[in-house]
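# Survey of secondary and tertiary structure
Listed here are the chains, written in short residue letters.
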Amino acid sequence: MPRRTAALLVAIALASAAAAGCSSAAGPDPAGGSSSGAGAAASVPTPVASAPVASAPAASASTTPAPTDSASTEVPAPASSSPPAPASVSVRGTVTDGLKSPWGLAVLPGGDLLVSERDSARILRVPAKGGGKVVAGTVPGVTSGGEGGLLGLALSPDFATDHRVYAYLSTGSDNRIVRLDLDPSRPAGSQLGSPTVLLSGIPHGPRHNGGRIAFGPDGFLYAGTGDANDRSLAQDRDSLGGKILRLTRDGTPAPGNPFPGSPVWSLGHRNVQGLAWDPQGRLWASEFGQDTWDELNLISPGGNYGWPTVEGTAGREGFTDPVAQWHTADASPSGVAFADGAVWVAALRGTRLWRVPVDGGRAAGAPQEFLRGDHGRLRTVAADGDGSLLLLTDNTDGRGSPRPGDDRILRLDVSAG
């Protein structure tokens, strides 16, 4: 088993203590906070950037055997401690408002948007050039409550020809991934076909349901799941809970997965809620911590990210350390996107947008915060084709403090300086 590389930490001023309990789910979350203003970086309270440290998963457990030869867990060398390049964020405008508990976001060919509402189970179509929202339809079989409901959305890589939409949703007994056809020529409210279940049996609970899905550059569907409030599931390779899954478009385990016959791509996760790829095809994922550290991870096939044995950077053999981490009061990281040489992270409890500059597969400096408290809880961030970012607020989910017009989709201009 390879020797573990020492993690390099770049500490910044500690200004707040972590609250005990679930990062975004242990009781009410503050939605306010002082405003930093668009376009200016506020002081950074408690994040730490560190180099990812990886070794093969521990061989002791039948639940965590070493990956096959096809799955490498090698990651780049430690990060530079140089300061990040200057960056700016400004709000170009509001794309739409009046959303209720929005969660998933997808950009259609031509620029229109699809957005899911967690509790109503509706999928809405938002015109790219403005105008009224259209209810595409309501997904049947969804059970809302707690952190469950209609969650992530993803478009087929061939959406222009097959018109297929993928959704991650909760039922009364499990979480599952379904596929639906979208026909915008039909009347509003009936544009969705009947769902086809692709994968069921993902553990479901009142908290930690994961829910983010996205197609990777390899054409396969990735899904971030949670431990459903049962921490033992994250290290159980036979469970779909606390994992990142890699699937074909029909929901079967993708070829080349590290554990033959299994959809599991990585394990040891508490609650994955963000997935994004950089231009080199590296997968980045955000993860809720419990009492101390939220994480941004660089994902390797077969990698074990430590939960519940470790939380945050631990330097322990058999586990992969995060690239960046935050105290839970400052983040509760949800959606992530890659733009301008950095990973952008939408923070729920932290009510801000984080920028983590990266150099290859490592942090190139300490995370920077933007929009602190300006728009409340931030659920999803996505890159649009024009170089802007789309930012989805989530103040109507029962934990935020809704403002007039909430919730909304904002369009951001970002620059690395």
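Residues numbered from 1 in each chain as written. Predicted model: local features only at pLDDT ≥ 70, side-chain atom pairs only at ≥ 80, totals over all residues. Heavy atoms only, no water.

### Some remarks on the overall build of the protein
Scanning the protein from terminus to terminus reveals one helix and 27 strands. Long-range contacts, defined here as pairs at least 24 residues apart, represent 61% of the contacts in the protein between residues at least 6 apart. Here the protein displays about 14,100 Å² of accessible surface, and carbon together with sulfur accounts for 51% of that area. (Helix = DSSP H or I, 4+ residues; strand = E, 2+ residues; numbered from the N terminus. Contact = heavy atoms within 4.5 Å. Areas by Shrake-Rupley, 256 points an atom, 1.4 Å probe, with all protein chains shown as cover.)

### Concerning the confidence of the model for the protein
Looking at the protein, the pLDDT average stands at 85 and 79% of residues meet or exceed 70. Long-range and interchain partners of residues 1-46, a stretch whose pLDDT sits below 50, account for 147 contacts in this model, where long-range means more than four residues apart. Contacts from residues 51-81, a stretch scored under 50 in pLDDT, to residues over four places away or in other chains number 96 contacts. (pLDDT = per-residue confidence, 0-100.)

### Some words on the sheet that holds strand β15 (residues 264-267)
Here four strands make up an open sheet; going across it, the order is β12-β13-β14-β15 and the pairing antiparallel. Edge positions in the sheet fall to β12 (213-215) and β15, since each has one partner strand and no second. For this sheet the average axis-to-axis angle between neighbouring strands, irrespective of direction, equals 20°. (Pairing = 2+ DSSP bridges. Axes fitted to C-alpha atoms, helices over the stretch in contact; angles between N-to-C directions.)

### Describing the sheet that holds strand β5 (residues 113-117)
Pairing between the strands of a sheet comes from backbone hydrogen bonds, and it takes one of two forms, parallel or antiparallel. Judged by pairing direction, the sheet is antiparallel, and its four strands sit side by side in the order β4-β5-β6-β7 without closing on themselves. Where the open sheet ends on each side, the last strands, each with one partner, are β4 (102-107) and β7 (134-138). The mean inter-strand angle of the sheet, taken between neighbouring strand axes irrespective of direction, is 25°. Alignment of β5 against strand β6 (residues 122-126), held across four bridges, turns out to be antiparallel. In the sheet register, Val115 faces β6, and the bridge partner there is Leu124.

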